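# Architecture at a glance
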Amino acid sequence: MDFQLSDMHKMVRRTTREFAEEYIAPVAAESDQKSRLDPEVMEEMKRMKFFGASIPQEYGGAGLDTLGFVIATEEIGRIDASWSITFAVPASVCSYPIYLFGTEEQKRKFLPALSSGEKLGAFVLTEANAGSDAQSVQLSATKDGDEYILNGSKIFATNGGIAKTLLAVTTTGTVGRRKELTMFIVDTDTPGYSVGVREKKLGVRASNTSELVFQDVRVPEENILGKRGDGFKLTLAILDYGRILMAAQIVGLGQACLEKSVKYANERVQFGRPIGSFQGIQYKIADMATEIEASRLLTYKAAHLCDIGQDYGLIGSMAKLYASEATMRAAHQAVQIHGAYGLTKSYDVERYFRDAKMAEIYEGTSEIQRMVIGSSMLRKYQ
Amino acid sequence: MKIFVCVKQVPAVEKIKIDPKTNCLIRKGIPSMINPMDKNAIELAVQLKETHNAETIGLTMGPPQAEEVLRQALAMGIDEAYLLTDSKFAGADTLATSYTLSLAIKKILKQKKVEEDYLIICGNQAIDGETGQTGPELAEELGIPQITYVENFQLQGKKAIIERSFISEEVVVIETKLPLLLSVVRDLNDPKYPTMAGIVNAYHKEITHWNATDLSADKKKIGLPGSRIIVWNLFSPERKGELTLLEGTPEKISKELCDYLQKDKVL
Ligand SMILES: Cc1cc2nc3c(=O)[nH]c(=O)nc-3n(C[C@H](O)[C@H](O)[C@H](O)COP(=O)(O)OP(=O)(O)OC[C@H]3O[C@@H](n4cnc5c(N)ncnc54)[C@H](O)[C@@H]3O)c2cc1C
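Residues numbered from 1 in each chain as written. Chains lettered and ligands numbered in written order. Predicted model: local features only at pLDDT ≥ 70, side-chain atom pairs only at ≥ 80, totals over all residues. Heavy atoms only, no water.

## Some details on the site of the ligand
Residue and element names in this part refer to chain A. Our working definition: Working definition: residue near molecule or strand if any one of its non-hydrogen atoms lies within 4 Å of it. Think of a polar contact as two N or O atoms within 3.5 Å of one another; within protein, one of them needs to be a possible hydrogen donor and the other a possible acceptor, and neighboring residues in sequence only count if both atoms come from side chains. Helix numbering and strand numbering both begin at the N terminus, where a helix is a DSSP run of H or I of at least 4 residues and a strand a DSSP run of E of at least 2.
Near the ligand, the surroundings consist of 16 residues, among which Thr-126, Ser-132, Phe-156, Thr-365 and Glu-367 are the closest. One nitrogen or oxygen atom from the side chain of Ser-132 is found 2.6 Å from an oxygen atom belonging to the ligand. Side-chain polar atom of Thr-158 to a nitrogen atom of the ligand: 2.7 Å apart, as the coordinates give it. Those elements giving two or more residues to the shell around the ligand turn out to be β1 (121–124), β3 (147–158) and α10 (366–380). Considering every element that reaches the shell around the ligand, the biggest residue donor is β3, with 3 residues.

## Quick word on the nonpolar core
Rule in force here: Throughout, nonpolar core names a set of buried Ala, Val, Leu, Ile, Met, Phe, Trp, Tyr and Cys residues whose side chains join them through atoms within 4.5 Å. Whether a residue is buried, partly exposed or exposed follows from its accessible area with a 1.4 Å probe, protein chains only, as a fraction of its type maximum: under 20%, in between, or over 50%, in that order. Contact criterion: two residues are considered in contact whenever any of their non-hydrogen atoms come within 4.5 Å of each other.
One finds Met-45 of chain A together with Ile-121, Phe-153 and Leu-182 of chain B to be the most contacted residues of the largest nonpolar core, which totals 138 residues. With 16 residues, helix α6 (residues 231–267) of chain A is the single largest residue contributor to this core. Non-local contacts of Phe-153 of chain B, meaning those with residues more than four positions away in its chain, are made with Leu-44, Leu-48, Leu-119, Ala-160, Ile-161, Ile-162, Leu-180, Leu-182 and Leu-188 of chain B. By size, the runner-up hydrophobic cluster in this structure holds 29 residues, among which are Phe-89, Ile-108, Leu-138 and Leu-215 of chain B.

## Remarks on the packing of aromatic side chains
Using the following cut-off: Classification of ring pairs rests on two measures: the distance between centres of Phe, Tyr or Trp rings, Trp counted by its six-membered ring, which must be within 6.5 Å, and the angle between planes, read as stacked under 30 degrees, edge-to-face over 60 and tilted in between. By definition, being over a ring means that NZ of Lys or CZ of Arg is both within 6 Å of the ring centre and within 35 degrees of the ring normal.
Following the criterion strictly, the structure yields 18 aromatic pairs over all chains and no others. Ring geometry for Tyr-96 of chain A and Tyr-99 of chain A: centres 5.8 Å apart, planes at 45 degrees, overall tilted. One end of the pair, Tyr-96 of chain A, and the other, Tyr-99 of chain A, are both in helix α4 (residues 81–101), 3 residues apart, so they sit about a helical turn from each other. Note on Tyr-96 of chain A: relative accessible area 11%, which makes it buried. Cluster of aromatic residues (ring-pair linked, three or more members): Phe-19, Tyr-23, Phe-50, Phe-51, Phe-69 and Phe-87 of chain A together with Tyr-193 of chain B. Residue placement shows Arg-178 of chain A over the ring face of Phe-232 of chain A; its charged tip is 5.7 Å from the ring centre.

## Things to note about the side chain of Ser-207 of chain A
By the element assignment, Ser-207 of chain A lies in the loop between β6 (193–198) and β7 (209–220). Residues within four places of Ser-207 of chain A in sequence aside, it is in contact with Leu-37, Ser-82, Ile-85, Thr-86, Thr-158, Arg-198 and Lys-201 of chain A.

## A short note on helix α8 (residues 313–338) of chain A
Residue and element names in this part refer to chain A. How we decide: Expected span of a helix, by definition, is 1.5 Å for each gap between consecutive residues, and there is one gap fewer than residues.
The terminal C-alpha atoms of α8, which comprises 26 residues, lie 37 Å apart, in line with the 38 Å expected from a rise of 1.5 Å per residue. A large share of α8 lies buried, amounting to 19 of its 26 residues. Backbone geometry just downstream of α8 places Gly-339 in the positive-phi region, at approximately 60 degrees.

## Here we look at the pattern of salt bridges
Residues and elements named next belong to chain A. Counted only if it meets this: Put simply, a salt bridge is a Lys or Arg side-chain nitrogen that is within 4 Å of an Asp or Glu carboxyl oxygen.
Tallied over the full model, the rule gives 42 salt bridges over all chains. Salt-bridge contacts for Lys-34 lead to Glu-30; the nearest nitrogen and oxygen are separated by 2.6 Å. Taken together, the residues span about one helical turn, with Lys-34 and Glu-30 both in helix α1 (residues 7–34) at a distance of 4 residues. By relative accessible area, Lys-34 is classed as exposed at 53%. Using a relative accessible area of 38% as the deciding quantity, one classes Glu-30 as partly exposed. Connected through shared salt-bridge partners, Arg-13, Arg-17, Glu-74, Glu-75, Glu-293 and Arg-296 make up one network.

Just distances and angles here, no functional claims.
Structure representation (structure tokens):
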């Protein structure tokens, strides 16, 4: 067993870190307050091919393996969770599924623009009545000749307001007592499509989270991903992959909490010495460091299993669950270590604390992860 | 056109450590990086590659681990890379280094059947030694013109137009033609980060390794035997006293400096 990263992975880390520190760090706080994505960062992220991280180069992507994608995501997440979600979500749950499950024509048609970031992607599953319960999707797709007509709405879509290509989960009727779900690739220039309200959020405020409205949106049948009725199966597979990248973002955020806490603990003097010299503070830092490292190992393991073609769903779920909760704890203690200053906009940990909460909800809540892991354990050891 | 870029691996630390026995830099266990100005050299080469359909070639002389800076050059868009590595090259000063680099360049030119249509780009100086000599000496070895402190470079057909400024505020514009060696400074351009695709590709490429025999090198001209500089002592200077930075035109600064020197009764 080898825990060494390859030289290539090290270069991915170094390059992404330097880029994020130079371009994103100086504007992260302002972007959060103004709920806006900095255009210069966007241009550079596109140029560096982050949006096509794990898409092969023949389709315009960077051709990284999943571990490389994870490391890049972690490093962006270490500086700004809004940016890690803005690029890693479309790259993992919109373009990568098209690569995995799409026809050759779909790949040629959609992947180059998604990979270069010329068109941003989004994966749209959640609806007012379908959150954790993906099966309850109500966005309907009705067949009409060689087209389908989409009616309904989606909510909480990451990049919703700025996306040009959507992967949308719809219902195409019922089979027996179950809803039949079908996934479509939707071009947002199609008539009848519009963006609804943009959410005002507690955390990841710079990231665009929007409602999407479909009124008689006509999508050609050739835009079905997989087959009609594959929607639920594909959704599960897509979320499995997405979770690895979600975990990577959160590991980065947790790492940021740790680093900022150590820095502050060394600087802040009370009772005549740096607060870092007190055991009470050191214990917090020890817990943070240990839990973040454990989260990272789970995440890298999931990525590695994926790269060698083995089942990674369960480990990915564990990684996402554990990293979310470890990072929430780390953010909580990071603010605690900063005292009153931690509640102010002058310190990054205030933003980290708000951003961390997203992790326990998005791409499967912690409760849902526990259901997945728990039921898998019960099957395995029965 | 062929464009050669010479790059160097340097220690990535603010304060260097010196081995008191050998008077050499301690490199072991110290993170290393590509010399900053070499990134400007690579950036220029990559830009010219796009505008002039040139082939770009990265070179470094160094220990096997110097391969990393060549990977970085490849990631930034350089087409192929050569590592000149041999224990016999160790201890080389700038003269022995430039001799070694010149052998490799001559060999590549011969292999690629190029006579005149080439450009060599070096960083003006490396942050470890700060001599600024390797580039100029390499040009001398090859018998081609050299221009140092290059701030702007344009290639129009066979004509090269260069801007350089050195100490004085005046910018000198030079017109010349290839072959040519440039040593460039940071003001030249803003080196771009490698793309993720560039990094992946960099690790799929082969790096050619050449040793002293491959280069048919004269044993007396490489490594320590080929060096004219013998290091007696090497140390990080202690920063003492107060620092005052003078700003403005050279005329204004020199006048202020004289005032200071007179006040302190140096003059
Ligand atoms: C920042 C952000 C970005 C998002 N981006 C996207 C996106 O790009 N695309 C997209 O489709 N969605 C997106 N979402 C939506 C997200 O995936 C959902 O919020 C999530 O799946 C949970 O759904 P819900 O909010 O409706 O909660 P609900 O499902 O209503 O859950 C409410 C609570 O009940 C719990 N619960 C539900 N069912 C059970 C159960 N069976 N047992 C125990 N507890 C249960 C949940 O864990 C939770 O605590 C985003 C959300 C956020 C916050």
